[in-house]
Amino acid sequence: MDIRSNRRDADGQSVITANRLLDGITVWHAADGSWREHIAEAALISNTEVEGLLSDLKTQAQSLGLVGVYGVQVTEEPGHGIVPVTARERIRAFGPSVHPEFSPQKEAQHVG
């Protein structure tokens, strides 16, 4: 079982992610078998089936130029699409931790 599996609910959904060896970019496994740079293009997989697919993809990782293949539990949110359930994976999917979505908003101070 994948070490990150303890973060997946039995009745939930996951996507599969990895990093490209060439440039380190986070990629997501799509329904057509390709690897895409946007989580919105990732194939949703039931958590009961993800381990079998992970096993197959991990054996192909090196030949595909990938490293760190694993599953990420997600939810589908209206208006937002596929969203990882953990903060770590939301940062990997949507941008650096300094992105405004992950930082507290600060009120602008007016100098008078």
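From a predicted model like this one, the values you see are computed outputs, not experimental measurements.

Novice: Give a detailed account of helix α2 (residues 87–94), specifying residues and quantitative values.
Specialist: For α2, every residue scored as buried is listed here: Glu89, Arg92 and Ala93. Taken end-on, α2 shows its buried residues confined to a sector of 95°, consistent with a single buried face. On its buried side, α2 packs onto β1 (13–20), β2 (26–29), β5 (66–77) and β6 (81–84).

Novice: Give a detailed account of helix α1 (residues 50–64), specifying residues and quantitative values.
Specialist: In α1, a bend of some 35° at Lys58 exceeds every other bend along the element. For α1, the set of buried residues is Val50, Leu54, Leu57 and Ala61. Structurally, α1 contributes buried residues whose contacts are with β1, β2, β3 (35–36), β4 (45–46) and β5. Count one or two residues on from α1 and you reach Gly65, which has phi positive near 75°.

Novice: So what's going on with the environment of Glu37? Which residues, and what values?
Specialist: In this fold, Glu37 is placed in the loop between β3 and β4. Sequence-distant contacts of Glu37, defined by excluding residues within four places in its chain, comprise Arg20, Ile25, Thr26, Val27 and Trp28. A distance of 2.8 Å separates a polar atom in the side chain of Glu37 from a polar atom in the side chain of Arg20.

Novice: Let's hear about the nonpolar core: which residues, and what values?
Specialist: Membership of the largest hydrophobic core is limited to 11 residues, which are Ile16, Ala18, Val27, Trp35, Ile45, Val50, Leu54, Leu57, Ala61, Leu66 and Val69. Those elements that provide at least two residues to this core are β1, α1 and β5. Filtering out sequence-adjacent residues up to four positions away, Ala18 remains in contact with Ile25, Thr26, Val27, Trp35, Leu66, Val67, Gly68, Val69 and Arg92. Among the nonpolar cores identified, the runner-up in size contains 9 residues, and Val15, Ile39, Ala42 and Tyr70 belong to it.

So, how was this worked out
- Residues numbered from 1 in each chain as written.
- Predicted model: local features only at pLDDT ≥ 70, side-chain atom pairs only at ≥ 80, totals over all residues.
- Heavy atoms only, no water.
- Buried < 20%, exposed > 50% of the residue type's maximum accessible area, 1.4 Å probe, protein only.
- Helix = DSSP H or I, 4+ residues; strand = E, 2+ residues; numbered from the N terminus.
- Arc of directions from axis to C-beta.
- Contact = heavy atoms within 4.5 Å.
- Bend = angle between axes of the 7 residues up to and from the residue.
- Polar contact = N/O pair within 3.5 Å; in protein donor to acceptor, adjacent residues only side chain to side chain.
- Core = buried A, V, L, I, M, F, W, Y, C linked by side-chain atoms within 4.5 Å.

Limitation: the analysis is restricted to geometry and does not speak to function.
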